[in-house]
Amino acid sequence: MKFIRNMLALTIATLILSTSCVMQQGISLGAGQNGWATTDLSVSEFFVAVLEDFQPFSEEVNPKPILETSVDDFVCELDKAGSTSQVSALKLNDNSYFIDFTFSSLNELLKDLNKRENQSLLSLETNGNTQSLNFYLDLNNYPELTRIVPFLADENFETFGPLYNEGMSEDEYYEMISYILGEEGPSAISESVISLRLTAPKAIKSQDGGILEGKNVVRFDIHLIDILLLSAPITFSAYW
């Protein structure tokens, strides 16, 4: 039960999915480190049905669905961060949500979500007239991600994460998931992609690992299975 709940919460926090779930994280940066962020989340009927099957017993007459509770918890964390303001969330339907907020500093936001600890996952740097956004995730700094997204370290989820499955192939992982979630589980994960769309304050000079969608817009896609296994580092960057 907690594995299903936490896996869906992972897609919401990280912060990020395709025909099974769709999560698009948008970041629009100003001239400094301030900006505006949006999250579009849509969960498939398959995952919703699984969540309902594993809904924990509650004495409440109409307890909140697990997905809604996860979104509420995420919004609450954003509200508590000193670097955020104007946090809002809109439930579009039973399976879809839209979240947006402004932030005074991207680096400070990441620190806030990381319990004020330094992190090496995402950085916004300035070198002369050039700014860059860089993302790097591997097995060594994965613990930093678990601090930003605490439920990744939960004993009911961590055995499904990369630190417990180092060296496992995709086929072996999908076989394990098929046993846990049923035949639809592997395809639900394999089709899942977290997208980050960055809008820079000026034209992008170069980028690595993404797709240019406009002169100052680039999209980076991360397959969920790549996060769950981390058999190779996940990295991307943009310069403007």
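Refer to the structure above for everything that follows.
Residues numbered from 1 in each chain as written. Predicted model: local features only at pLDDT ≥ 70, side-chain atom pairs only at ≥ 80, totals over all residues. Heavy atoms only, no water.

Chemist: Looking at this model, I keep getting lost on the overall build of the chain. Mind explaining?
Modeler: Check the secondary structure of the chain and you find eight helices and eleven strands. Expressed as a percentage of the 240 residues in the chain, the buried residues total 48%. Total accessible area on the chain is roughly 11,800 Å²; 50% of this is exposed by carbon and sulfur atoms. (Helix = DSSP H or I, 4+ residues; strand = E, 2+ residues; numbered from the N terminus. Buried < 20%, exposed > 50% of the residue type's maximum accessible area, 1.4 Å probe, protein only. Areas by Shrake-Rupley, 256 points an atom, 1.4 Å probe, with all protein chains shown as cover.)

Chemist: Whenever I open this one, the nonpolar core confuses me. Can you help?
Modeler: If you look at soluble globular proteins, the nonpolar side chains tend to sit buried side by side. Counting residues in hydrophobic clusters, the biggest one holds 42 residues, and the most contacted among them are Leu29, Phe103, Leu106, Phe135, Leu137, Leu198 and Trp240. Leave out the neighbours within four places in its chain, and Leu106 touches Leu29, Gln33, Leu122, Leu124 and Leu133. Within the second largest apolar cluster, ten residues are counted, among which are Phe160, Tyr173, Ile189 and Leu229. (Core = buried A, V, L, I, M, F, W, Y, C linked by side-chain atoms within 4.5 Å. Contact = heavy atoms within 4.5 Å.)

Chemist: What is the right way to look at the pattern of salt bridges in this model?
Modeler: Here the idea is simple: oppositely charged side chains can pair when their charged atoms come close. Evaluated as defined, the whole model comprises six salt bridges. Notably, a salt bridge pairs Lys80 with Glu77, separated by 3.0 Å at the nearest N-O pair. Of this pair, Lys80 and Glu77 are both found in helix 3 (residues 66-80), three residues apart, which corresponds to roughly one turn of the helix. Classification of Lys80 by relative accessible area gives exposed; the value is 57%. Judged by its relative accessible area of 37%, Glu77 is partly exposed. (Salt bridge = Lys/Arg side-chain N within 4 Å of Asp/Glu carboxyl O.)

Chemist: Quick question: what am I supposed to make of the environment of Ser42 here?
Modeler: Tracing the sequence through the fold places Ser42 in strand 2 (residues 35-43). Residue class for Ser42 comes out partly exposed when judged on its relative accessible area of 28%. Separated by 52 residues in sequence, Ser42 and Asp94 place their C-alpha atoms 9.2 Å apart.

Chemist: In this structure, what is going on with the pairing of strand 3 (residues 84-93)? I would like to understand it.
Modeler: Strand residues, when the strand is regular, have side chains that alternate between the two faces of the sheet. Across seven bridges, strand 3 lies against strand 4 (residues 96-103) in antiparallel orientation. For Asn93, the partnering residue across the bridge sits in strand 4 and is Ser96. Where strand 3 folds back on strand 4, the antiparallel hairpin that results is connected by two residues. (Pairing = 2+ DSSP bridges.)

Chemist: Please clarify how the side chain of Gln131 should be interpreted in this entry.
Modeler: Within the secondary structure, Gln131 sits in strand 6 (residues 130-137). Side chain to side chain, Gln131 and Thr126 meet in a polar contact 3.3 Å long. Not counting residues up to four positions away in its chain, the partners in contact with Gln131 are Ala31, Gly32, Glu125, Thr126, Pro201, Ala238, Tyr239 and Trp240. (Polar contact = N/O pair within 3.5 Å; in protein donor to acceptor, adjacent residues only side chain to side chain.)

Chemist: Whenever I open this one, helix 4 (residues 106-113) confuses me. Can you help?
Modeler: Side chains that are three or four residues apart share a direction in an α-helix, a result of its 3.6 residues per turn. Listing the buried residues of helix 4 in full gives Leu106, Leu109, Leu110 and Leu113. Buried positions in helix 4, seen along its axis, are confined to an arc of 95 degrees and lie on one side of it. (Arc of directions from axis to C-beta.)

Chemist: Help me understand the environment of Gly82, please; the structure alone is not making it clear to me.
Modeler: Following the sequence through the fold, Gly82 ends up in the loop between helix 3 and strand 3. Take Gly82: its relative accessible area is 70%, and that puts it in the exposed class. Along the sequence, Gly82 and Ser104 sit 22 residues apart, while their C-alpha atoms lie 8.8 Å from each other.

Chemist: Could you clarify how one ought to interpret the packing of aromatic side chains in this entry?
Modeler: By convention here, two paired aromatic rings are described through the distance between centres and the angle between planes. Scanning all chains against the criterion turns up three aromatic pairs. Between Phe101 and Phe103 the ring centres are 6.5 Å apart and the planes differ by 55 degrees, which places this aromatic pair in the tilted class. Among the residues examined, Phe101 registers a relative accessible area of 5% and is labelled buried. Among the residues examined, Phe103 registers a relative accessible area of 4% and is labelled buried. Centre to centre, the rings of Phe220 and Phe236 are 4.1 Å apart; their planes meet at 15 degrees, and the pair counts as stacked. With Phe220 in strand 10 (residues 217-223) and Phe236 in strand 11 (residues 234-239), the pair connects residues that are 16 residues apart, well separated along the chain. Through a chain of ring-to-ring contacts, the aromatic side chains of Phe135, Phe220 and Phe236 assemble into a single cluster. (Phe/Tyr/Trp six-rings, centres within 6.5 Å; stacked < 30°, edge-to-face > 60°.)

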